[in-house]
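# An overview of the molecular structure
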Amino acid sequence: MAREQDDILHRGIGMTSQRTRERLIQRLYEEGISNAKVLEVIRRTPRHLFVDEALAHRAYEDTALPIGHNQTISQPYMVARMSELLLEAGPLDKVMEIGTGSGYQTAVLSQLVERVFSVERIKVLQDRAKERLVELNLRNVVFRWGDGWEGWPALAPYNGIIVTAVATDVPQALLDQLAPGGRLVIPVGSGEVQQLMLIIREEQGFSRRVLGAVRFVPLLNGPLA
Ligand code: SAH
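Residues numbered from 1 in each chain as written. Predicted model: local features only at pLDDT ≥ 70, side-chain atom pairs only at ≥ 80, totals over all residues. Heavy atoms only, no water.

## Remarks on the environment of Glu 114
Relative to the assigned elements, Glu 114 resides in the loop between helix H5 (104-110) and strand S4 (115-120). Since its relative accessible area comes to 52%, Glu 114 is described here as exposed. Sequence separation between Glu 114 and Asp 169 is 55 residues, and the spatial gap between their C-alpha atoms is 28 Å. Leaving out residues up to four positions away in the same chain, Glu 114 has contacts with Leu 92, Asp 93 and Asn 140. (Helix = DSSP H or I, 4+ residues; strand = E, 2+ residues; numbered from the N terminus. Buried < 20%, exposed > 50% of the residue type's maximum accessible area, 1.4 Å probe, protein only. Contact = heavy atoms within 4.5 Å.)

## Brief notes about the sheet that holds strand S6 (residues 158-163)
Pairing in this open sheet of seven strands is mixed, and the strands run S5-S4-S3-S6-S7-S8-S9 from one edge to the other. Looking at which strands have only one partner, the edges of the open sheet turn out to be strand S5 (141-145) and strand S9 (206-213). Pairwise comparison of adjacent strand axes, ignoring direction, gives a mean angle of 15° for this sheet. The pairing of strand S3 (residues 94-98) with S6 spans four bridges and is parallel. Along S6, the bridge assignment pairs Val 95 with Gly 160. Running over the sheet, helix H4 (residues 76-87) touches S3, S6, strand S7 (178-190), strand S8 (193-201) and S9 and is turned about 150° from S7. In this fold helix H6 (residues 123-135) packs onto S4 and S5, with an angle of close to 170° to the strand it touches most, S5. (Pairing = 2+ DSSP bridges. Axes fitted to C-alpha atoms, helices over the stretch in contact; angles between N-to-C directions.)

## Examining the packing of aromatic side chains
Pairs of aromatic rings are described using the distance from one ring centre to the other and the angle between the two planes. One pass over the full model with this rule turns up three aromatic pairs. Above the plane of the ring of Phe 117 lies Lys 94, whose end atom (NZ or CZ) is 5.6 Å from the centre. (Phe/Tyr/Trp six-rings, centres within 6.5 Å; stacked < 30°, edge-to-face > 60°. Lys NZ or Arg CZ within 6 Å of the ring centre and 35° of its normal.)

## A word on the site of the ligand
Close to the ligand lie 24 residues, the nearest being Ser 102, Glu 120, Asp 147, Gly 148 and Leu 220. A distance of 3.5 Å is found between an oxygen atom of the ligand and a backbone nitrogen or oxygen belonging to Gly 101. Taking Glu 120, its side chain carries an N or O atom lying 2.6 Å from an oxygen atom of the ligand. Contact with the protein chains removes 100% of the 570 Å² of surface that the ligand exposes when unbound. Looking at the shell around the ligand, the elements with two or more residues in it are strand S2 (71-73) and S4. The element contributing the most residues to the shell around the ligand is S2, with three residues. (Near = heavy atom within 4 Å. Polar contact = N/O pair within 3.5 Å; in protein donor to acceptor, adjacent residues only side chain to side chain. Areas by Shrake-Rupley, 256 points an atom, 1.4 Å probe, with all protein chains shown as cover.)

## Here's the deal with the pattern of salt bridges
This model, assessed by the stated rule, comprises eleven salt bridges. In this structure, Glu 88 engages Arg 209 in a salt bridge whose closest nitrogen and oxygen atoms are separated by 3.3 Å. A residue pair is termed long-range when its members are at least 10 positions apart, and Glu 88 in the loop between H4 and S3 and Arg 209 in strand S9 qualify at 121 residues. A relative accessible area of 37% means that Arg 209 is categorised as partly exposed. When the shortest N-O distance is used, the salt bridge between Arg 115 and Asp 93 registers 3.5 Å. Taken together, the positions of Arg 115 in strand S4 and Asp 93 in the loop between H4 and S3 put the pair 22 residues apart, joining distant regions of the chain. Residues joined by salt bridges that share partners form a network here, namely Glu 22, Glu 40 and Arg 43. (Salt bridge = Lys/Arg side-chain N within 4 Å of Asp/Glu carboxyl O.)

## Observations regarding the nonpolar core
By size, the foremost hydrophobic cluster in this structure holds 49 residues, and its most contacted members are Leu 28, Ile 42 and Phe 50. At the level of secondary structure, the elements contributing two or more residues to this core comprise helix H2 (18-30), helix H3 (36-44), strand S1 (65-68), H4, H5, H6, S5 and S8. Those residues in contact with Phe 50, other than ones at most four positions away along the chain, are Thr 45, Ile 67, Ile 73, Ser 102, Gly 103, Tyr 104, Ala 107, Arg 132, Leu 133 and Leu 136. Of all hydrophobic cores here, the second largest spans 20 residues; its members include Phe 117, Val 119, Val 163 and Leu 219. (Core = buried A, V, L, I, M, F, W, Y, C linked by side-chain atoms within 4.5 Å.)

## Re the side chain of Glu 97
Here Glu 97 is to be found in strand S3. For the buried Glu 97, no salt bridge is present, and the opposite-charge side chain at shortest range is Arg 132, 11 Å distant. At 2.6 Å, the side chain of Glu 97 and the side chain of Ser 118 are in polar contact. Look past the residues within four positions of Glu 97 in its chain and what remains in contact with it is Gln 105, Thr 106, Leu 109, Val 116, Phe 117, Ser 118, Val 119, Ile 162 and Thr 164. (Lys, Arg positive; Asp, Glu negative; His and termini not counted.)

## Observations concerning the side chain of Gln 177
In this structure, Gln 177 sits in the loop between helix H7 (172-176) and S7. Engagement of the side chain of Gln 177 in a polar contact is seen with the backbone oxygen of Glu 150, the distance being 3.0 Å. Not counting the four nearest positions on each side in its chain, Gln 177 is found in contact with Met 96, Glu 150, Gly 151, Trp 152, Pro 153, Ala 156, Pro 157, Tyr 158 and Ile 161.

Here it is as structure tokens:
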């Protein structure tokens, strides 16, 4: 490994030892994450590089953490669970993500599917996320600065869509951009009342599964410079 790459991967590693990471993986497993590939990818993805250095020592706790602009990096359990739900029926080629944020879920997904198309409304978060993915040499991701309510129609359809902010209703544009058999994992609701949903495009219409209560920041409107 090149010296520089080595430095990047181990920045702040004193407080984020391999043992701490193993403990997180063990915990996710005990909480019911059973997809071995998902667990392996989370084990090897350096979450401490996706938060401020001041928070790096908490990066392997199973908790959401602030990333500025009133946003949070998703809780590892949620990243694992949503990834697992997307992949439940087999490998996926094209996956769209709404809410790039720190880029952590993006980085995990990019190691599990062929190509990721990630949409974020806050330009500065997107720029920072882009840099992190380049640093980690994860190159199968393209980014769009825009409004996730609209998806990314020009590149549709997608085999999977994942939304990492809670929507008041399921955005029609996202349903429209699902390929046949495509899967949409999305938190729906508002405030304290939010449910994680899995929506699948069937031959006729859509099937819906409600997977339990969750807690996300809201899916807002419009891009923000
Ligand atoms: N998966 C991210 C979670 C970030 S929090 C991570 O692990 O870091 C949710 C993100 O959704 C925020 O970055 C927020 O800016 C973004 N977001 C909210 N509404 C949006 C919208 N309409 N379109 C695109 N992104 C949106």
